Amino acid sequence: MPKTFKNYINGEWLDAISGQTFANVNPSNIEETIGLFPRSGKQDVDKAVSGALAAFEQWRQVPPPERGKVLFEAGSIMKSRKKELAVILSRENGKTVNGAMGDVQSGIDMAFFAGGEGRRWYGRTAHSGLKKRFAMTKRYPVGVVGIITSWNFPMAITCWKTFPALLCGNAVVLKSEENTPETTVHFAQILEEAGLPRGVLNLVHGLGPEAGEALTSHPDVAMISFTGSSAIGKIIGKNCAGRLAKISLELGGKNAVIVMDDADLDLAVDGVVCGAFSISGQRCTATSRVIVHASVYDAFMKKLLKKTSQQKVGPGSDDKSDITPLISGKQLERVTGYIERAKKAGARILSGGSRLKGDVYDKGYYIAPTVIDNVALDAQIALEEVFGPVLVVFKADSYEDAIAIHNSAPYGLAASLFTKDVNKAFGFFDDAQAGACYINGPTFGSEPHMPFGGVKNSGLGYREAGWAAIEAFSEVKTLYVDYSAKIQNVQFEKKDAEQ
């Protein structure tokens, strides 16, 4: 009998008001139902927002160092339960336990970073343009923040958003992603145990068009932070713009690796395979394209296809699996649909290209790692995010040609260049239209103390993590103290007017 889970609203664990539930299924073994979760709607969201509003008035007055202590304690609890949390995450997400350990560790890192920032809650001072006038800034919380997470890194992304939001003095309504809701239950329990006052964090489960839509449209939600597809991001952007709410949208990518003629090919192949196929390519920063200099194209492709053929596809319960299942049947249809349309358009499948069947594969959503070439730059598979283990290969005649191919996609999240030329490496930072650039590494590897986000269709609003997260989840007030004992004109002195 599957366990039944609840929402966490104003310090209480509650069923959805409707009484309806939805099932959470293990993508490595779809015969296993992990649990039943509340299918929340507008009434549940209203209740959660009301609880958050009430709690906000007290939480915002707690000094930042004290708020930071709660987050640091949450990180300590997470650290003590790291393996336990990883097993839970692996079962509902499909990635290996080792992979899930990295997911949890990223959350722990953010807890400690955000906790420390409570002691660095800096404003700025400046010299005024007027005599005997003190000028400074101070940060204040936004209010109630709605956070909508994604399923590919359910602990890391939840922590990356929620901890900075709480540190800034906001109250939070967290909407879990329906494919990975259990991870957020444990996250809420940890914050409760760490001493977070009731109502400051509220957790609502449910489907995007129901609970998600209600949250992004709620008049008392001052800000929405969302990670997910660009298509959904546009809907959320419209909902928030209509009521002038703040937004932070971390969206998709069509990330590319450029391999130059002087690159270490073995290193480049390792980076591309890892970036394209680990966790089945289900990263917003996954390597979706590789652009190879013509003079090393054949040698690179030989190594790439050999390395790809050695990847083991298997369940998350097997830590020897290099490639784990896709998250759902819907995602499997999406990925195979892109491949089939590419084939019809003339693309050549060099490796993989189909769903795997037999034995353990029949119990999950498994697809072979796929390498495709002979693709036009304006083809759908060259421009749109697939979110699966699918790599499209292009050939470039020069560095300039490679950059042009890279920048032809409408996304701009992450990019990487493999080269030994320091001039090209630093030029790449200027030339690549991407929010995160790497030299001689895969297209992923963000750290909690550094801002993360993209350009073009890959994001809107603020960067996540680092000092940028503090800026995102707070408002700046400019403050003046005049001690001249007279009214001064901020535009000009009287003598300036007489000239």
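The sections below set out a description of the structure shown in this document. Because the structure is a prediction, the values reported are computed rather than measured.

### Side note on the pattern of salt bridges
Between side chains of opposite charge, a pair can form when the charged atoms approach closely. This structure, assessed with the given rule, holds 17 salt bridges. Among the salt bridges present, the one from Asp15 reaches Lys6, with a minimum N-O distance of 2.9 Å. With relative accessibility at 46%, the residue Asp15 sits in the partly exposed group. The class for Lys6 is partly exposed, based on a relative accessible area of 32%. Close ionic contact of Arg60 with Glu57 constitutes a salt bridge, the shortest N to O distance being 3.3 Å. By relative accessible area, Glu57 is classed as partly exposed at 38%.

### Some points on the sheet that holds strand S20 (residues 436-439)
Ordered by their spatial adjacency, seven strands build an open sheet running S15-S16-S17-S14-S13-S19-S20, and the pairing between neighbours is mixed. On the outer flanks of this sheet lie strand S15 (348-351) and S20, each paired with one strand and no other. Recorded for the sheet is a direction-independent mean angle of 25° between the axes of neighbouring strands. With three bridges joining them, S15 and strand S16 (residues 370-373) adopt antiparallel strand pairing.

### Points about the pairing of strand S12 (residues 246-250)
Burial within S12 is extensive, with five of its five residues counted as buried. In S12, alternate side chains face the same way, and those of Lys246, Ser248 and Glu250 on one face and Ile247 and Leu249 on the other are all buried. Relative to S12, strand S11 (residues 223-227) is paired through five bridges, and the arrangement is parallel. Bridging from a neighbouring strand, Met223 pairs with Lys246 of S12. With helix H8 (residues 230-241) bridging S11 and its parallel neighbour S12, the resulting β-α-β unit is right-handed. For S12 and strand S22 (residues 459-460), the ladder comprises two bridges, and the chain directions are antiparallel. Each bridged residue has a counterpart across the sheet, and for Leu249 the counterpart in S22 is Leu460.

Reading the values: rules and limits
- Residues numbered from 1 in each chain as written.
- Predicted model: local features only at pLDDT ≥ 70, side-chain atom pairs only at ≥ 80, totals over all residues.
- Heavy atoms only, no water.
- Salt bridge = Lys/Arg side-chain N within 4 Å of Asp/Glu carboxyl O.
- Buried < 20%, exposed > 50% of the residue type's maximum accessible area, 1.4 Å probe, protein only.
- Pairing = 2+ DSSP bridges.
- Helix = DSSP H or I, 4+ residues; strand = E, 2+ residues; numbered from the N terminus.
- Axes fitted to C-alpha atoms, helices over the stretch in contact; angles between N-to-C directions.
- Right-handed = clockwise from strand over helix to strand, strands pointing away.

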